[in-house]
Number of protein chains: 2
Amino acid sequence: MRDEFNIGVDIGGTNIKYGIVSSSGKILYKEIISSGLDRKGFLSNLRKGVDSLLLFAREKGIKINQIGIGVPGTVDILKGRIYGIPPNLSFLKDFALRKYLQRYFDYPIFMDNDANVMALAEYKFGLVKGYKNCICITLGTGIGSGIIINGKLFRGSSFVGPEFGHISICYHGIRCNCGNYGCLEMYASEPAMLKRAKELLREKRNSILYKLVNRDLNRLKAIDIFFAEKLKDKVACRVVQETAYYLGAGLSSAVNLFNPEVIVIGGGVAIASGRNFIKMIKTEICNRAFTSATKNLKIVKAKLGNDAGFFGASILGEELGAW
Amino acid sequence: MRDEFNIGVDIGGTNIKYGIVSSSGKILYKEIISSGLDRKGFLSNLRKGVDSLLLFAREKGIKINQIGIGVPGTVDILKGRIYGIPPNLSFLKDFALRKYLQRYFDYPIFMDNDANVMALAEYKFGLVKGYKNCICITLGTGIGSGIIINGKLFRGSSFVGPEFGHISICYHGIRCNCGNYGCLEMYASEPAMLKRAKELLREKRNSILYKLVNRDLNRLKAIDIFFAEKLKDKVACRVVQETAYYLGAGLSSAVNLFNPEVIVIGGGVAIASGRNFIKMIKTEICNRAFTSATKNLKIVKAKLGNDAGFFGASILGEELGAW
């Protein structure tokens, strides 16, 4: 079969990532642009990005088939409208993005949640290839998830979920922005890690972490914590261990419910993490979930890293066409 | 289409329930027999029960197409072998039940987990008819669950799960027999309700519950608690409320993950419960889960009651044939 070419767009709170991807999974061209600060700026940047990819394609004589877009929020994939969206992109709430873009670009346009798109990428081109039941989670500012069931993305009955970041690991736990208590996101996202590190640092003035951020804790990132963990810094080791522990507790429930063959862990926090992190999560899952469900379970770090978003978005049409 | 006739068998810790069910959902004959105390006694009773149904069918000139069996445990549906099984039926562990029965009965024999079978019954004949994404839970000695995704039973990759009773609602909660901490089953099953009631009764000597069981708390059952709740007994009201609260907390995670259209709540505890119980669970779910996922969510009590098991088992062949 001859390769076909699609555009994938990965919308993030800070940047928009773009790429032209072939149906066999080759990246022909990729680009990154700022997300902008308001709707007007965002839409102008988004169009600019797509335009430059189309220009590249035209120059190289490449025929683009379709455009796919991953959005960090709840998307009505049939209507191409964005419902839930994080605060830094709140200007996109209830926006009919596809309808808007369709006025400028005469290509089939598909949209979906960014964690679904990442799961799709790993399923078609990454580490989940060939497995029929997979859970993909993305660890970053929030915790997203995409679930493949019987070889197809599972989207729920009204495009909500799978919201793995909002399963409660403690019914009377920390209050979450969503209104629930004890959501995993409050324990194992990047902000949760940073909050915990800062608490512990108050009593550990000699931690390497202080030096890494030049004593300005506002500059602390998950990547610093993983770096300090490698150097056996006590605070960093404890934060990493606790994060893996919470993730293991939450994933155990998912394993007992879904009995997947593979769990793929991606997103900024996972990309920054060392090898130990996945091992620690696995140990906790094996301690907690049914042995019959963990016996053949694989737990792996996502392969496609920062490209997973536009990779998966580029093949949304293929998935949604059959939907 | 003409009605066809199947035998459904529902294996329980105390009794085995049987029925001849038509493909349009009519019960032609049903029976109940003790489960027996050891493997020999159990198998003899099981065969006796099926024999008596076959005799009835022969006398009435009814042609039986297949036999389906629901088992309270983990079943390899392809091999017809029982893996996990509760303690009171432990003599069936690792037993190739289908192979055994096939020696005696020359019919296609199908087996599955009892909660799956109950979900199938509600999906084909009960309240879930016509919905594509449903969660069915059974509340009894344990908490079982069957999940319908895109109109098909979801069985996981190695027939474990969905084990809704073993999602953890508190990562550092009560230790469960399965090895995990905070499993929902430890908070909202019948034994959990009874344990909590007994704790509260120590300080409430004037509770109606004492009278209901003739001051012998070993005789206490969930049905007594729901009866006393109707009479506004404080201990009973508190236990029912707490149980609904825990179930609501657990189901909220399931709602955020699966985004189902309907949740069906069945099993002995649900059958015994008053109307308030489902309402209380619903309130807790709506307090906790994403509004976009609860807006159109229906939460209902199972319709088929004690017959759901053999009802669903009777049509296992239809489901598994297409599997």
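Up top is the structure.
Residues numbered from 1 in each chain as written. Chains lettered and ligands numbered in written order. Predicted model: local features only at pLDDT ≥ 70, side-chain atom pairs only at ≥ 80, totals over all residues. Heavy atoms only, no water.

(A) Region of interest: the packing of aromatic side chains. By the definition in use, this model includes 27 aromatic pairs over all chains. When the ring of Tyr100 of chain A is compared with that of Tyr104 of chain A, the centres are 5.1 Å apart and the planes differ by 50°; the resulting orientation is tilted. Here Tyr100 of chain A falls in the buried class, since its relative accessible area comes to 11%. An aromatic cluster is present here, built from Phe154 and Phe258 of chain A together with Phe154 and Phe258 of chain B joined pairwise through their rings. The ring of Tyr104 of chain A has Arg47 of chain A sitting right over it, with the charged end atom 4.2 Å from the ring centre. (Phe/Tyr/Trp six-rings, centres within 6.5 Å; stacked < 30°, edge-to-face > 60°. Buried < 20%, exposed > 50% of the residue type's maximum accessible area, 1.4 Å probe, protein only. Lys NZ or Arg CZ within 6 Å of the ring centre and 35° of its normal.)

(B) Highlighting the environment of Ile225 of chain B. Residues and elements named next belong to chain B. Examined against the element boundaries, Ile225 turns out to sit in helix α7 (residues 222-230). Remark: the alpha-carbon pair of Ile225 and Ala236, spanning 11 residues in sequence, is separated by 5.1 Å. What Ile225 contacts, discounting residues up to four positions off in sequence, is Met193, Leu194, Ala197, Leu209, Leu220, Ala236, Val239 and Val240. (Helix = DSSP H or I, 4+ residues; strand = E, 2+ residues; numbered from the N terminus. Contact = heavy atoms within 4.5 Å.)

(C) Spotlight on the nonpolar core. Ranked by internal contacts, the top residues of the largest apolar core, which has 113 residues, are Ile225, Phe258 and Ile265 of chain A together with Ile225, Phe258 and Ile265 of chain B. When sequence neighbours within four positions are dropped, the list of residues in contact with Ile265 of chain A reads Ile137, Leu139, Leu251, Ala270, Ile278, Ile281, Ile299, Val300, Lys301 and Ala302 of chain A. (Core = buried A, V, L, I, M, F, W, Y, C linked by side-chain atoms within 4.5 Å.)

(D) Structural context of the packing of helix α7 (residues 222-230) of chain A against helix α8 (residues 234-258) of chain A. All names here are of chain A. Where α7 meets α8, the closest approach of the two axes is 8 Å, and the angle between their N-to-C directions is 115°. On the basis of the axis angle, α7 is roughly perpendicular to α8. Considering only the axes of α7 and α8, their crossing is left-handed. Of the residues in α8, those in contact with Ile225, Phe226, Ala228 and Glu229 of α7 are Ala236, Cys237, Val239 and Val240. Looking at the contact of α7 with α8 residue by residue, the class counts come to 7 nonpolar, no polar and 1 charged. (Axes fitted to C-alpha atoms, helices over the stretch in contact; angles between N-to-C directions. Parallel < 35°, antiparallel > 145°, perpendicular 65-115°, else oblique. Left-handed = near helix turned anticlockwise from the far one by under 90°. Nonpolar A, V, L, I, M, F, W, Y, C, P; charged D, E, K, R; others polar.)

(E) Here's a closer look at the relation of the copies chain A and chain B. Each copy superposes on the other: chain A lies on chain B with an RMSD of 0.0 Å after a rotation of 180° and an axial shift of 0.0 Å. What we have between these two chains is a two-fold relation. Minimal C-alpha distance to the rotation axis in chain A is attained by Cys170 of chain A, lying at 2.0 Å. Looking at the interface residues of chain A, 100% of them are also at the interface in chain B, so both copies use one shared face. (Least-squares fit on C-alpha atoms with pLDDT ≥ 70 in both.)

(F) The sheet that holds strand β9 (residues 143-149) of chain B, seen in detail. Residues and elements named next belong to chain B. Spatially, β10-β9-β8-β11-β12 is the arrangement adopted by the 5 strands of the open sheet, whose pairing is mixed. Two strands close off the open sheet at either side, each with one partner strand: β10 (152-154) and β12 (298-301). Adjacent strand axes in the sheet meet at a mean angle of 25°, parallel and antiparallel pairs treated alike. Here strand β8 (residues 134-139) pairs with β9 via 6 bridges, running antiparallel. The partner of Leu139 across the bridge, within β9, is Ile143. Along the sheet, helix α8 (residues 234-258) contacts β8, β9 and β11 (262-266); its crossing angle with β8, the most-contacted strand, is approximately 155°. Strands β8, β11 and β12 of the sheet are contacted by helix α10 (residues 275-288), whose axis makes an angle of about 155° with β12. (Pairing = 2+ DSSP bridges.)

(G) Representation of the packing of helix α5 (residues 190-201) of chain A against α8 of chain A in the model. All names here are of chain A. Remark: α5 packs on α8, axes separated minimally by 10 Å, with the N-to-C direction vectors making an angle of 140°. Between α5 and α8 lies a crossing of right-handed hand. For the pair α5 and α8, contact is made by Met193, Arg196, Ala197, Leu200 and Leu201 and by Val235, Arg238, Val239, Glu242 and Thr243, respectively. Considering only residue class, the contact of α5 with α8 consists of 6 nonpolar, 1 polar and 3 charged.

(H) Spotlight on the pairing of strand β2 (residues 15-22) of chain A. All names here are of chain A. Counted residue by residue, β2 has 6 buried out of 8 residues, so it is predominantly covered. Here strand β1 (residues 5-11) runs beside β2; their pairing, made up of 7 bridges, is antiparallel. Following the sheet pairing, Ile11 is matched in β2 by Ile16. Hairpin connection from β1 to β2: 3 residues lie between these consecutive antiparallel strands.

(I) Just the interface of chain A and chain B, in detail. The interface is formed by 41 residues belonging to chain A together with 41 residues belonging to chain B. Of the roughly 3600 Å² buried where chain A meets chain B, counting both sides, 58% is carbon and sulfur surface. By the criterion of area lost to chain B, the three top residues of chain A are Tyr171, Leu257 and Arg288 of chain A, representing 22% of everything that side buries. Seen at the junction of chain A and chain B, the total is 0 salt bridges. Top contributing element to the side of chain A that touches chain B by residue count: α8 of chain A, with 8 residues. (Buried area = accessible area lost by both parts, 1.4 Å probe. Salt bridge = Lys/Arg side-chain N within 4 Å of Asp/Glu carboxyl O.)

(J) Looking closely at α8 of chain B. Residue and element names in this part refer to chain B. End to end, α8 covers 35 Å across 25 residues, agreeing with the expected 36 Å (1.5 Å per residue, within 8%). In terms of burial, α8 is largely enclosed, as 20 of its 25 residues are buried. Positioned one or two residues after α8, Asn259 has a phi angle of 50°, which is positive. (Expected span 1.5 Å × (residues − 1).)

(K) Region of interest: the sheet that holds strand β1 (residues 5-11) of chain B. Residue and element names in this part refer to chain B. Here 5 strands make up an open sheet; going across it, the order is β3-β2-β1-β4-β7 and the pairing mixed. The sheet is open, and its two edges are formed by β3 (27-34) and β7 (109-113), each paired on a single side. Strand-to-strand twist across the sheet, computed as the mean angle between neighbouring axes with direction ignored, equals 15°. Sheet strands in contact with helix α1 (residues 39-60) are β1, β2 (15-22), β3 and β4 (64-71), and its direction is about 25° off that of β2.

(L) Broad picture of the environment of Ala244 of chain A. All names here are of chain A. Residue position: Ala244 is located in helix α8. Taking the C-alpha atoms as reference points, Ala244 and Gly165, 79 residues apart in sequence, are found 14 Å from one another. If we skip the residues at most four places from it in the chain, Ala244 touches Phe277, Met280, Ile281 and Glu284.

(M) Representation of the pairing of strand β8 (residues 134-139) of chain A. All names here are of chain A. Counting buried residues along β8, 6 of its 6 residues qualify, which places the element largely inside the surrounding structure. Side chains Cys134, Cys136 and Thr138 of β8 all project onto a buried face; the interleaved residues Ile135, Ile137 and Leu139 project onto the opposite face, where all are buried too. Between β8 and strand β9 (residues 143-149), which pair antiparallel and follow one another directly, the connecting turn spans 3 residues. Summarising the sheet, β8 and strand β11 (residues 262-266) pair through 5 bridges and their orientation is parallel. Pairing of Ile137 across the sheet is with Ile265, part of β11.

(N) Structural view of the side chain of Asn180 of chain A. With respect to the helices and strands, Asn180 of chain A occurs in the loop between β10 (152-154) and α4 (185-188). A distance of 2.9 Å separates the side chain of Asn180 of chain A from the side chain of Arg288 of chain B, its partner in a polar contact. Filtering out sequence-adjacent residues up to four positions away, Asn180 of chain A remains in contact with His166, Ser168, Ile174 and Arg175 of chain A together with Ser252 and Arg288 of chain B. (Polar contact = N/O pair within 3.5 Å; in protein donor to acceptor, adjacent residues only side chain to side chain.)

(O) Quick peek at the pattern of salt bridges. Residues and elements named next belong to chain A. The final tally for this structure, using the stated rule, is 14 salt bridges over all chains. With its nearest N and O atoms 2.8 Å apart, the salt bridge here joins Glu284 to Arg288. Placement of the pair is Glu284 and Arg288 together in helix α10 (residues 275-288), with a separation of 4 residues, close to one helical turn. Exposure remark for Glu284: the relative accessible area of 13% places this residue in the buried category. A relative accessible area of 2% means that Arg288 is categorised as buried. Overlapping salt bridges, with partners in common, bring together Arg196, Glu199, Arg238 and Glu242 in one network.

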